[in-house]
Structure formats: structure tokens, C-alpha cells
Amino acid sequence: MVLYYSWVLRAAVTDQAPRPGLFAGGSLGQRGSEESLSRAFADSRTRLMTWVKADDVASAVEDMAKGETKISLSRNNIHVEGSRALGEALAQNTGLCALEYVFMCLAYNKIGDTGAKAMADALACNSILQKLSLASNFRMTLLDAVDKIKFLLGKNKARAGRLQHYGSTEDDAPWLDAVHAVISHGDAHPWGRAKLMIVGRGAAGKTSTVRSLLGQSPIHEHRSTEVADVHRTRAHDWREVASDQGEFTAQVRFAAARRLRELADMSDAQQLDAPLQDVPSALPPLPSSSQELSGVASDPKPALHLEASPRQKALLSSEEVVRKFSITEDEQLLLQSSISSETRVSFTIWDYGGQEVFYALHHIFLTDKGLYLVVFDMREIVGKEIFKDSLSEEAYGKLATQEEALKSLRFWFDSIRMHAPDAPVLLVGTHKDQVHDLRQVNQKLLEASCLKRTRGTLIRPEGDLIFVPVDNTDTDPNRAASLRTLIAATAMAQSYVRKRVPLAWLKVHEDLLNSHAPYMSLEDIVDLAAAYGLPRRDVDAMLFFFHGLGVVVHLRGSQTLERFIVIDPQWLVDKLARVIADDLHAHKFFYDADLKASGLMPDFERLRDHCIASRRLLAWLWGNEAVDFLLEFMDANMLLCPWHFAHEAGSNEDFLVSGLLSTFSREVDTEDFEPGLSCELDFSEFFLPRGVFHRLVAQCAEYAARPSVIGDDEPMAPLLGSEQAMMSFGINNFLLSVKENVVRVSLAREAERPAMVIKLLVSMFREQEETVFRGLPWDLLLESPTSHVLVSYTKITKARSEGKFRARLRGRNSKRVATVSEFEPFFVEQIGALDTDEDGPAVPRAKAVSSLGPDEDTHVFLSHVQSTGGDLAETLRLKLENRGVKVWFDQSHKDKLNQEAMLDGVRRTRTYVLVLTEGIFKSKAVKAELRCALEAKKPIVLVHEPDTHRLSYTSFSEYITSTPDFCKDLLIEEESLPVRRKWYEEDSFFRELIRRCATTV
Ligand SMILES: Nc1nc2c(ncn2[C@@H]2O[C@H](COP(=O)(O)OP(=O)(O)OP(=O)(O)O)[C@@H](O)[C@H]2O)c(=O)[nH]1
Ligand SMILES: [Mg+2]
């Protein structure tokens, strides 16, 4: 319980931007106030920094009126643990400086010597607290701690007196002028920000290592992290900053200090006295930022001035400059002296939960602009047996074997290489207090083959060890000093950390954080940025950069996703954690009174038992917040998909949460299944990332329910297990299974079109490969139905194309051989190559197309820009024509390339299709065609390139910005259809396109 109190205390005191407020409640020891306290901090987002006991309310109100802040915690059973936590919180707190007078009462709390020492340590960092009562505390004997406290409080008091005068003296002029100059010039400065990702097995000590890095006190019990915890650090001392604290102010201070020093270095004292507007010209020009940062074209220099054009808001008002930037001379000098410091970098730390269920989320969060800390428990690497006698049975039982631990390291190295191939990796070994022979750990790691898998991205510390050992139980706040140094130096070597970022970006970010909104619409951010003079294009570049750094989450695959920016990544992680949870974390819901009362318990049980979630359950789990976005986010990341199979307890909108399938312990009953043709997707050249199989299952489940696939039959609901799935595409039944690095597909013996099913599955996997698992090597192996030898599909097709049907091919990892002709059953369906999107002669194609009217020459006019959309338009034309649609397309009418002929083509077509790719509206021809289509009142259909990895891709905001005035709202009014290229999706894409083009009968 004491720990619980300390949590509350920490929540209260680390709050960095307090607004004087009042919380009245009973003592913390009483259940009621415990709850109201946590509610106050969890729900309201108000900055309640003051609370008092109920009977003190009157005096507290008086204090508040005087602008005084009192934190009264007397008689609260805070004990040693609580006071330590409080000390830690106080050490971090910079927010209290908004208050003029701060008093804290800790009387009657049994904090003892340790608590007093913690308070003394805290005050060494906290320069705000001026009064602290420690009266009547149990066994307090350490007088020097009390003396130290008295001394430090006195210093703070004196300092506070000084502070009040700042901003008004003549001495401040050069400093404030420099601040003004920095802000008015609006230049870009290196932000020095990086993303630090902490990964490793469950209970390896990741969270403890993060606490060590942040200088926080050790935790002894294991509180397993759910999905991830996101922390942000301050540049110079690794202290954690509050989630609403931006870095604009710090950046301006730093830039001002640099400016002052540069001016001093020029040894031209006149410069300092020069009028404000002359100051920037005295300095070397700084390069513009946004082009450099993202490759997104932008105005060469965002013009930001303190009192600029009337529409443009100054980044800060003059009064704000004086108020925020009046700092002591000592602080100014300190800033100037730290300019050359090579390690001034702040981090967004992502502390991942190590449980397997969270691995499904890796591809979203393991991004490449980051550093990876792979944390392992050294006891497991040396072999847990050594610790059998020194550990409790329970603790010993939780340790992994050496083999498991090394396998886990290999898994993490592979996952990082998969998702962030160039990111630096640091290895951290925990439990240094228990493992003394570090060389032995080193030796084991070197012997294990897993290190090779980092492919040169492993950063080695100085000395003989290839990892950094840590003792997370040490109470010294600097226990991870050498690790911090290594991380910071590694980060500084990354070019994106040194990139220059316009101050206006940081100001926008600070405003976003200060809004306390967990997410915001793109339109609102565009407006906010516009107020500071940032054009819409720069907003794209800014959000792209922020997303890469893990500062915001902004996906761009669809219009809904693109319009939604998550400002607080922890909010998103917490929402996901409520759905993708392991048994341990899901347990609490079974006792949730609200869930019971809402009548959704059966839905919840169904989610846990069958991985099927009803929309109403998801809405409840997400507190009815941003439900459409979250659904689309999960869908886009293949964590769920619509589930169209009936279920007794089901609502009418269900989803298969494929991200949860790994928690399944059940197996599929395959007793009656008679396998026919089989093949394997083999990933053993590298590894099979978690999630490939479950995503494939989700893709199949969605596909299997399409009306065009089901036909007139009753759909068979897939039978799902964690490593198996029995499915059916129409009358073709098949079994999917996964083992080690292989996904196996077995068609039922009676399946009619086995090769088509295989082609569909390969196409689904290739979709994953393009969107999530880029560069993942794999091979398609076909199993001979007679000899059961598995042979690479590439080898078979090569031999067939050379007519070598009698050639004998060696099986994978086997001495056995099979003749090419054994594989003929895979080729009889004539549906084209199994591993491409090409059609064979026997591919069934849907839809009769209506005949043309007397005024119509074509069904469709494809309007596109050749440089970026030429290939796409050509593919669309071919596939539409294959389906009987007559298409007007300029490349196929070479003789009619003059404008009049094209416009005539528009007038004499049934539907005008605009193919949206990068730069579409820059084309004069496209604009003329579009204008003509509008004048002729043709139906307009939009299709767009959705693949963010293609050069022809651009964002919707870019399309909207560049839409010509004569059709300004076109993209807002018409919903664009994303182009689908993969074989399994192509048919439904063209059906929909043809439907929209009104060409079906
Ligand atoms: N003795 C000792 N214990 C440690 C050390 N580091 C971590 N622990 C303990 O190991 C247990 C697990 O630590 P955590 O930091 O919570 O582990 P984690 O990796 O974050 O675990 P998950 O969040 O579940 O993935 C806790 O009981 C810690 O106190 C260490 O260096 N020495
Ligand atoms: Mg953890």
C-alpha cells in the first residue's frame, strides 16, 4: 500500500506545469481520498498541485488567494518508501517554479533517516521548495541531512528573491536581445532529439534499466510493462520531463546562448549594441531545414518574425520573452559553456513490454530513427544453474535457460534488423550485483552466433566487453552514468539528431503538448502552424520528421489515418494495450464492475476465448474515444480485420483481433482433414517475424467472407488456433500452419482450385512484404504430391520453361530428388506464375460491361500525369480492358495527342477517372481535362496511389493544397479509391472501380 501512496505522490509532484489549484480531501490513508486523488490526476488533466486535509480548507483557500502553495501531507503513513518516491519526484520537478512560494509539510509520517536523506538529495536538484516541515518523524537521527535541508532551503529562498527581479534590470539586455533575435529570426537549430527503444525478454530488467537511466530509485518487484511506456528526457541531465513540456524554450535558450557566444567570439562588441534587426545579419547564415530533413519540398526559409505580417502570430510576445527567458547570469554562462558539448541530446524512451503478445505491434513501433537497447539478464547467459541456491524457488523458476536467452537475443537482433536495419544497437546486461564474472558473460555472447546477426550495427563500449553491465538495484542516481554517456554519444553520431529544425516546429510541438489533447486533426495542426507562418507543405515535412522520432504518431496510408495525429504516443499505446493484452493484463477486466454493468462481459469473454471483438466492446474498451480512427489504425496495421462470420453472441459488427491469436493455446482439430497439394513459405534464410502468420490468417478470413468468394454457399467460419487455421475460399478448404521459420499450406484433397488458393495466399503474403516486412527474404517451396519432396518454385519454373520436364531437382535441405513433372498439378489451372500478380489465360474475370451510348466512344477516360502516374495508368488501362471496359488513354492514341483531341476524348467518355499521383495538378493537360470534364458534367471518379513507399505517392493534404481553384473541394467531396495491385485484392478493386464508373450492366 505504501507504494501505492508513493505513486500518487509522484503523480502529484512531478507534474511539471502546475496551475495553483485546490484539492480538498481527507488523509491519504483513507480509501476515499486515495481514489479521488488518483482520479484527480488521471482524469481531469488539471494541474492540481495543492491539496490539504479537509479541516485545512479554509486556510488553504486563504493561501491560494495569496498565491502561496501548500502541500500538506502530514499524518499520511508515507513511510520510507513514500518519502523516497517523493524525493525523487521533487528532484525532477521544475514546474513548481511557476508558484511564488512553496511549502511542504511531511510531519508525522515515519519517514525516518532514509526519508530525510532522500529529501536532502532531492533538494540538491530542486531549486524551488522553500519550506519543508519534517516535524515528528519516527527515528530521525541523521542531523547532517537535516542541516543540509536547512541550508538548501535557505538557498532556494534567496534565489527566489533574486528571480523576482530578473527581466527588469539593465544587465539582462544583451541576453534578452539575443533571445529576441533568435525568435525573430526564426532560424533552424539542431534539435538534438532521438528515439531510444528498450527491448528484450520479459523481466530482463528493461524498465529497471530505464529507471537507472532516468536516475530514479530502483523498483524491486516486477511490474510487467503493458505494450510500452513512453518517457521523455531532458537534454543535459536525463531527467524525465512531463508529457506536456515542450522543448521550444530550452532550444531558444540554447540558441540565444550560442548567439551570444558567437558574437563574443567575433570580438566585435559593437554587435551587441546594434539594434535588434541588425543582429541576425552579423551571423553566418544557417541552412534551411525542412528540405534537408525529409526530402519534402518546402519554402527555402520559413520566414518567421517576432512582429511579422498581421496574419502571422509571433512565436512569443515580448512579455512572454521577458517572463520565460529571464535567467540568472550563472545559468547563461552555464548554457554558453555547454554549447560545444557533443552530447546534448534528449530522448523519447520507449520501454517495451517483453511479453510475446506485444510482438504483434513491433512493426508499428520499431522504427528506424532510433537507437536500440537490447536488455538481457546476465544470469541467464552464464547459466541459471549457478543461482539455484541463492534464489528463491519462484525467482529461480522464472529464469530462462541459456539457450532460451540466446534465442531471445537472436530474435531481437533479427527483429531490429528487419524493421530498422541501420539503427545502432547497444547490449545491456542486468543483474551485475549477482553476476561477477563479466568476462564469462562476454565469452558466451561471443561464442553464440547471434551477434553476427546485428551486421555491424552493434555499438561496443570501450574496454573488452561487448555489452554494458548494469546493477539496477544500486540506489545511486548516477548508477547508469557510463551507459548514458555511450547512448548519448551514439545518438549524436546519427545525422538526424544533428539536423536543423525550425524553431516554429518546436513551438508548434510545444503548443500541441500544452493543449493536453492526446490527438488532433490535421486541419487543426495546419491552422496552428499557419499562425506561425508555416505553409501546409512544411506541416507535412514537420509531421513526417516528428513521426520518425516517435514524438507523434502519424500514419498516412488512408485519408482517415492521415487526418489524425496522435500527439501523446502513450495514449495510443494505452488504447492498444486494452485490446492486445496478455492473460496477466487482461485479468483485471474480469473484475471490472463497469464492464459487468454494461452487459459486455460475454463480448469480452468472446474476445479472450475466440479473438473476436464486437464494435461495442472495442468502443467500451476505448472509452468511446476516437473509435473509428483506432479501428482503422489497427486494421491498417493488420492487427484486426472485419469478421463476417456469424456467432451466437455476436453483434452485427465484429472484428477478428489477429494480434491476439498468439495468446491462443487451442489447437485446430484436423482429424478429418485429408491433405492434397501442399506448399511452404520458407523464411529460414533469415527469420520468420512474429505476426506474419497471424496477419495471413486475418487476410484470409477477410477474403473468405467476400460475396464473390463465397458464392451461393453457406460460408464456413475459419477454425483458428495459435499455430494453425482451417479456412475455406468458397469450396476450397485448406489448412495453414506455422512452425519455426516455415508457413505451411495444405489444400484439402477435394479442393477444386488448389493452385489458385496458393497464388492468393502468396499474393497476401507479398502484400505484407510490401507494407510491413520490407526486404524479408523468403522462398516458395512446392511439395511433390508423389514423393513429398519440397523443391523451390523458382527452380521448377526454370526447368519447365526450358522444357526439362524429366529433370531431377534436389529437395530443400534434403538429399532426395523429385522430377519436374511431379509438380504438374500446380500448373494445370493456368493462372499465371504463383508468385506474381500476372494473370494466366484461365483467370476468371467478372462483370459484363454495358454497351456504349451514341455519344460515347469510351467508358472511361484515364487522366494522369505521365511522369509519376504513367505506369499506374497503363496498368489500370490493361486490366480494365481485360474486363471489357473501353478506355481512352493518351499513350494508346498517339496520333491524337493534341489537346483538342484529348478534350474531345473527355467529352465523349462516360466517366472521367483522375489518377492521383505526385504532382498531378502541376500538369496543364490534366487541369484542362478536368475542367472539360466538369463543364461536360461527367461523373468524376478518383483513384490514388496509397503506397507511401512509392515515389509517385503523396499525401492527401498535398493533393488538397494543390487542387486548382476551379475544383477546390473536389478531393473533399469525392472519396478516392486506393489502387490495389496485389492479385488477391485486384478483382474486388476493379469491381468497385467499374461500379463507380457506372459501366456495369
Ligand atoms: N538484482 C537485480 N534485480 C534486477 C536488476 N534489474 C532488474 N531487476 C529486477 O528484475 C525484475 C524485472 O525487472 P523489470 O525491469 O520490471 O523487467 P522488464 O524487462 O521491464 O519486464 P517486462 O516489462 O515484463 O518486459 C524486477 O524485480 C527488478 O527489480 C538488477 O540489475 N539486479
Ligand atoms: Mg518493463
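Residues numbered from 1 in each chain as written. Chains lettered and ligands numbered in written order. Predicted model: local features only at pLDDT ≥ 70, side-chain atom pairs only at ≥ 80, totals over all residues. Heavy atoms only, no water.

Looking at an unreviewed UniProt entry, the protein chain carries the name non-specific serine/threonine protein kinase, with the source organism given as Hondaea fermentalgiana.

Student: What should I look at first to understand the overall build of the protein chain in this one?
Tutor: Each helix and strand in the protein chain was counted, giving 40 helices and 33 strands. Across the protein chain, contacts joining residues at least 24 apart in sequence account for 76% of those joining residues at least 6 apart. If you sum the accessible surface of the protein chain, you get close to 43300 Å²; carbon and sulfur atoms cover 50% of it. (Helix = DSSP H or I, 4+ residues; strand = E, 2+ residues; numbered from the N terminus. Contact = heavy atoms within 4.5 Å. Areas by Shrake-Rupley, 256 points an atom, 1.4 Å probe, with all protein chains shown as cover.)

Student: Whenever I open this one, the nonpolar core confuses me. Can you help?
Tutor: As a rule of thumb, soluble globular proteins bury nonpolar side chains together. Judged by nonpolar contacts, the single largest core of 153 residues is most densely connected at Leu427, Leu445 and Phe729. What phenylalanine 729 contacts, discounting residues up to four positions off in sequence, is Cys700, Tyr703, Ala704, Val709, Phe734, Val757, Leu760, Leu761 and Met764. One finds Ile198, Trp238, Ile487 and Ala541 within the second-largest nonpolar core, a separate group that totals 71 residues. (Core = buried A, V, L, I, M, F, W, Y, C linked by side-chain atoms within 4.5 Å. Buried < 20%, exposed > 50% of the residue type's maximum accessible area, 1.4 Å probe, protein only.)

Student: Looking at this structure, I do not really get the site of ligand 1. What am I missing?
Tutor: Within the structure, ligand 1 sits among 25 residues, and Lys206, Ser208, His220, Thr225 and Asp433 are positioned closest to it. Within the side chain of serine 224, an N or O atom sits 2.9 Å from an oxygen atom of ligand 1. Here ligand 1, which alone exposes 650 Å², has 92% of that area covered by the protein. Here the shell around ligand 1 takes 3 residues from helix α8 (residues 206-213), the largest share from any one element. (Near = heavy atom within 4 Å. Polar contact = N/O pair within 3.5 Å; in protein donor to acceptor, adjacent residues only side chain to side chain.)

Student: Got a minute to help me understand the coordination of the magnesium ion (ligand 2) in this structure?
Tutor: Within the protein, Thr207 (OG1) and Thr225 (OG1) serve as the donor atoms for the magnesium ion (ligand 2), at 2.0 Å. Taken together, the residues threonine 207 in helix α8 and threonine 225 in the loop between α8 and β8 (228-233) connect sequence positions 18 residues apart. The exposure class of threonine 207 is partly exposed, given its relative accessible area of 22%. Judged by relative accessible area, which is 9%, threonine 225 ranks as buried. (Donors = N, O, S within 2.8 Å, 3.2 Å for Na, K, Ca; no water.)

Student: What exactly am I supposed to notice about helix α25 (residues 569-577) here?
Tutor: Note on helix geometry: an α-helix contains 3.6 residues per turn, so any two residues three or four positions apart are oriented the same way. Among the 9 residues in α25, 8 count as buried, and that is most of the element. Regarding α25, the residues found buried are Pro569, Gln570, Trp571, Leu572, Val573, Lys575, Leu576 and Ala577. Residues of α25 that are buried make contact with β8, β10 (346-352), α14 (362-365), β15 (519-521), β16 (564-566) and α30 (627-636).

Student: Teacher, can you tell me more about the packing of helix α31 (residues 692-704) against helix α33 (residues 754-771) here?
Tutor: Relative placement of two packed helices is described by the angle separating their axes and the distance separating the axes. Direction vectors running N to C along α31 and α33 enclose 125°, while the axes themselves pass 10 Å from each other. Accordingly, the angle class assigned to the pair α31 and α33 is oblique. Remark: the crossing between α31 and α33 carries right-handed chirality. From α31, Val692, Arg695, Leu696, Gln699, Cys700 and Tyr703 reach across to α33, where they touch Leu760, Leu761, Met764, Phe765, Glu767 and Gln768. Among the residues making up the contact of α31 with α33, the classes are represented as 8 nonpolar, 2 polar and 2 charged. (Axes fitted to C-alpha atoms, helices over the stretch in contact; angles between N-to-C directions. Parallel < 35°, antiparallel > 145°, perpendicular 65-115°, else oblique. Left-handed = near helix turned anticlockwise from the far one by under 90°. Nonpolar A, V, L, I, M, F, W, Y, C, P; charged D, E, K, R; others polar.)

Student: In this structure, what is going on with the packing of helix α21 (residues 503-514) against helix α23 (residues 536-548)? I would like to understand it.
Tutor: Between α21 and α23, the least distance of the axes is 11 Å, while the angle of their chain directions is 70°. In terms of their interaxial angle, α21 and α23 are classed as roughly perpendicular. In this structure, α21 crosses over α23, and the sense of that crossing is right-handed. Contacts between α21 and α23 involve Trp505, Val508 and His509 from the former and Asp538, Ala541, Met542, Phe545 and Phe546 from the latter. Among the residues making up the contact of α21 with α23, the classes are represented as 6 nonpolar, 1 polar and 1 charged.

Student: So what exactly am I meant to see when it comes to the pairing of strand β31 (residues 909-916) here?
Tutor: A regular strand carries its side chains on alternate faces of the sheet. Burial analysis of β31 places 8 of its 8 residues in the buried class, which makes it a mostly covered element. The pairing of strand β29 (residues 858-863) with β31 spans 5 bridges and is parallel. Bridged to leucine 862 within β31 is valine 913. Alignment of β31 against strand β32 (residues 940-944), held across 5 bridges, turns out to be parallel. What sits directly across from valine 913, in β32, is valine 941. Following the chain from β31 across helix α37 (residues 924-935) to the adjacent parallel β32, one finds a crossover that is right-handed. (Pairing = 2+ DSSP bridges. Right-handed = clockwise from strand over helix to strand, strands pointing away.)

Student: How do you make sense of the environment of arginine 259 when you look at a structure like this?
Tutor: Among the secondary structure elements, arginine 259 is positioned in helix α9 (residues 248-265). Counting along the chain gives 80 residues from arginine 259 to valine 179, while the straight-line C-alpha distance between them is 8.7 Å.

Student: It is not clear to me how the sheet that holds strand β33 (residues 977-978) should be interpreted in this structure. Could you clarify?
Tutor: Strand pairing in a sheet relies on backbone hydrogen bonds, with the paired strands running either antiparallel or parallel. Across the sheet, which stays open at both edges, the 5 strands sit in the order β30-β29-β31-β32-β33 with parallel pairing between neighbours. Unpaired on one side and paired on the other, β30 (887-888) and β33 mark the two borders of the sheet.

Student: Even after reading the chapter, I still don't get unusual backbone geometry, so can you show me in this structure?
Tutor: Note: most residues except glycine have negative phi, and most peptide bonds are trans. A positive phi angle is found at glutamate 740, which is not glycine, with a value near 45°. Here glutamate 740 lies in the loop between β23 (732-739) and β24 (742-748). Its identity is not glycine, yet lysine 937 carries a phi of approximately 55°, on the positive side. Assignment of secondary structure puts lysine 937 in the loop between α37 and β32.

Student: Could you clarify how one ought to interpret the confidence of the model for the protein chain in this entry?
Tutor: Caution applies to low-pLDDT regions: their predicted coordinates should not be interpreted in detail. The share of residues in the protein chain with pLDDT of 70 or more is 78%, and the mean pLDDT across the chain is 80. For residues 161-170, every residue scores under 50 in pLDDT, and the model assigns this stretch 11 contacts once sequence neighbours within four places are set aside. (pLDDT = per-residue confidence, 0-100.)

Student: Please explain the side chain of serine 224 as it appears in this structure.
Tutor: Turning to its location among the elements, serine 224 is positioned in the loop between α8 and β8. With relative accessibility at 17%, the residue serine 224 sits in the buried group. A distance of 3.1 Å separates the side chain of serine 224 from the side chain of glutamine 355, its partner in a polar contact. Not counting chain neighbours up to four residues away, the residues in contact with serine 224 comprise Gln355, Leu584 and His585.

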